[in-house]
Amino acid sequence: LPNAVRSPVVQLTKLLSQKSIAPFMDELDKVSDHLNLQLKRVNKKKELQIGVQHKETLQQQLHECTDEALALHLAVMIVFQNTIHCLVHAPSGCVPILVCFLQTRIPADDHFKLLTLQQHVQRRLATANSTSAATAGADEGEEATSEAAAVAVSDEELKQCLADVKAVAASKKSERAQILNIQNMLSEAATPGDGEPAEPDTDVPDADVP
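Rules used throughout
- Residues numbered from 1 in each chain as written.
- Predicted model: local features only at pLDDT ≥ 70, side-chain atom pairs only at ≥ 80, totals over all residues.
- Heavy atoms only, no water.
- Helix = DSSP H or I, 4+ residues; strand = E, 2+ residues; numbered from the N terminus.
- Buried < 20%, exposed > 50% of the residue type's maximum accessible area, 1.4 Å probe, protein only.
- Contact = heavy atoms within 4.5 Å.
- Phe/Tyr/Trp six-rings, centres within 6.5 Å; stacked < 30°, edge-to-face > 60°.
- Lys NZ or Arg CZ within 6 Å of the ring centre and 35° of its normal.
- Expected span 1.5 Å × (residues − 1).
- Arc of directions from axis to C-beta.
- Salt bridge = Lys/Arg side-chain N within 4 Å of Asp/Glu carboxyl O.

**Quick notes on the side chain of H111**
Position of H111 among the secondary structure elements: in helix α6 (residues 108–135). Overall, the relative accessible area of 9% leaves H111 in the buried class. Once residues lying within four places of it in the same chain are set aside, the contact partners of H111 are V99, L102, Q103 and I106.

This is the structure we're talking about:
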């Protein structure tokens, strides 16, 4: 590469290992000038609007959804967006990965509800597959009937899990806001401003004696 381009390109490569993307984007602007490239600026306002519209669409689909597998898929994507503040397009096979990813990022009770519905969905799919295989043979008809009865018994529990997951997806935004507010209050209380740890206020203001 020419000397005028080599230096900024090398610097750009070094910035790939940084935790923040801001220095990389600043250096990328310099490299684009040297290479006569026009980079489209990120429109954060437009991105925010797209994110809001995307989440509203998912929430509407989740509200009308009665299939537990699809509901879990929609709920996980909504919770992911509320927590990470990024859109995610994932096939159904990636739902267990997303549920595992969210384990340390959402309240334990909310994660337990997602995990419970996921286990019910996986169990029902496995039971449906085994039932189909059993009904293919005449000698295993009784086994297929008992498995179908077991699934029917768990329908009420499945409906409750579905309602719980929908509630998690609907309330995650407000819970996230409450957590952030609490964290901000704790950080402000821990840092008085001069860099030293805060000490408890033991001074009692003088009271006016009548």
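**Side note on the packing of aromatic side chains**
Throughout the structure, instances matching the rule amount to one aromatic pair. Plain terms: the ring middles of F80 and F101 are 5.6 Å apart, the flat faces sit at 40° to each other, and that makes the pair tilted. Of this pair, F80 sits in helix α4 (residues 68–84) while F101 is found in helix α5 (residues 95–101), placing the two residues 21 residues apart along the sequence. The class for F80 is buried, based on a relative accessible area of 11%. According to the relative accessible area criterion, F101 is partly exposed, its value standing at 31%. Positioned over the ring face of F101 is R105, at 3.8 Å from the centre of the ring.

**Comments concerning helix α1 (residues 3–14)**
Compared with the 16 Å implied by 1.5 Å per residue over 12 residues, the 17 Å span of α1 between its first and last C-alpha is a close match. Turning to α1, its buried residues number three or more, namely V5, P8 and L12. Looking straight down α1, one finds that the buried residues subtend no more than 80° of arc, so they occupy a single side. Looking at α1, the residues exposed on the side facing more than 90 degrees away from the buried face are N3 and K14. Where α1 is buried, its residues meet α2 (22–34).

**What to know about the pattern of salt bridges**
Taken as a whole and judged by the stated rule, the model has two salt bridges. E68 serves as the salt-bridge partner of R124, at 3.8 Å between the closest nitrogen and oxygen. Note that R124 is positioned in helix α6 and E68 in helix α4, a separation of 56 residues in sequence. D109 is paired through a salt bridge with K113; the nearest N and O atoms lie 3.4 Å apart. Here D109 pairs with K113, and both are found in helix α6, just four residues apart, close to one helical turn. According to the relative accessible area criterion, K113 is partly exposed, its value standing at 25%.

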